[in-house]
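Inside the fold
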Amino acid sequence: MSESHLFAGFQSHERWLREAIIEARKAADMGEVPVGAVVVRDNRIIGRGHNQVEALKDPTAHAEVLAIGAASGQGESWRLDDSTLYVTLEPCTMCSGAMLLARVSRVVFGASDPRAGAVASTARLLEGNPYHHGVEIVGGILAEECGAILKDFFRDKR
C-alpha cells in the first residue's frame, strides 16, 4: 500500500472521528461521560450515538451501542457488514460484544482506555473471537484530542 493511500485513509479516519467527537461533546453537555460514536458505511454516517447512561438510566446506553442500534435500523438487515464504527474511546467488553454481534467490519478509536478497554488495553476481545468474524482495529486516531475531552470532563467534575 502506498504512503499516499495510507495518508488518505488516515484523513478519512480523522474526518469521521471528528463526527464522533461532536457526539462526545453532546454527552458532556448532558453531564454524561463524553464518549461519542458514529457508524459509517459507503462514505456516509448511518448511525450516531453518545453516552446516555444517566439520562436513560440504562447501563447499556453507551455511545457505541446506541450508534449500532441506530445504524442497524437503516438498511434491509441489522447486519453492519462493510461498516466502520468510529468511537472516541476504546470500547469496553459490552460494546465489543455488540460490534461482533452486529458484524461491524472495522473499529477506529481515539483514546485508549487502560482501565476498561477491551479491544487492545485490558483484553483483545475482537481478535480470535468465537464468532469467527474478523474486525479490523485502528487505534490512536486523534487520541490526544479525544483524551483531553475526557480529562477535562473529569477534572471539572472534581
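Residues numbered from 1 in each chain as written. Predicted model: local features only at pLDDT ≥ 70, side-chain atom pairs only at ≥ 80, totals over all residues. Heavy atoms only, no water.

Right, let's get into helix 5 (residues 143–157). Owing to its 3.6 residues per turn, the α-helix brings residues three or four apart onto one side. Taking 1.5 Å as the rise per residue, helix 5 with 15 residues should run 21 Å; its terminal C-alpha atoms sit 21 Å apart, in good agreement. The set of residues buried in helix 5 consists of Cys-146, Gly-147, Ile-149, Leu-150 and Phe-153. All buried residues of helix 5 fall inside an arc of 150° around its axis, so they share one side. Away from its buried face, by an angle of more than 90 degrees, helix 5 presents the exposed residues Glu-144, Lys-151, Arg-155 and Asp-156. (Helix = DSSP H or I, 4+ residues; strand = E, 2+ residues; numbered from the N terminus. Expected span 1.5 Å × (residues − 1). Buried < 20%, exposed > 50% of the residue type's maximum accessible area, 1.4 Å probe, protein only. Arc of directions from axis to C-beta.)

Quick look at the nonpolar core now. If you look at the biggest cluster of nonpolar residues, it comprises 37 residues, and the most contacted ones within it are Val-39, Ile-68, Leu-80, Leu-85, Met-99 and Val-107. Elements with a contribution of two residues or more to this core: helix 1 (3–29), strand 1 (36–41), helix 3 (63–72), strand 3 (84–89), helix 4 (93–102), strand 4 (106–111) and helix 5. Those residues within four positions of Val-39 in sequence are excluded, and the remaining contacts are Arg-44, Ile-45, Ile-46, Gly-47, Ala-67, Ile-68, Ala-71, Leu-80, Ser-83, Thr-84 and Leu-85. (Core = buried A, V, L, I, M, F, W, Y, C linked by side-chain atoms within 4.5 Å. Contact = heavy atoms within 4.5 Å.)

Next up on the list: the environment of Arg-18. Turning to its location among the elements, Arg-18 is positioned in helix 1. When its relative accessible area of 37% is taken as the criterion, Arg-18 is described as partly exposed. For the pair formed by Arg-18 and Thr-93, sequence separation is 75 residues and the distance between their alpha carbons is 24 Å.

Below, the discussion takes up the side chain of Glu-64. With respect to the helices and strands, Glu-64 occurs in helix 3. Although Glu-64 is buried, it forms no salt bridge, and the closest oppositely charged side chain is Arg-115 at an N-O distance of 12 Å. When neighbours within four sequence positions are excluded, Glu-64 is seen to be in contact with Val-35, Ala-37, Leu-85, Val-87, Leu-89, Pro-91, Cys-92 and Cys-95. (Lys, Arg positive; Asp, Glu negative; His and termini not counted. Salt bridge = Lys/Arg side-chain N within 4 Å of Asp/Glu carboxyl O.)

Per-residue pLDDT for the protein has a mean of 92; in total, 94% of the residues score no lower than 70. Predicted confidence is poor over residues 1–7, with pLDDT under 50, and the contacts of this stretch with residues over four places away or in other chains come to 1 contact. (pLDDT = per-residue confidence, 0-100.)

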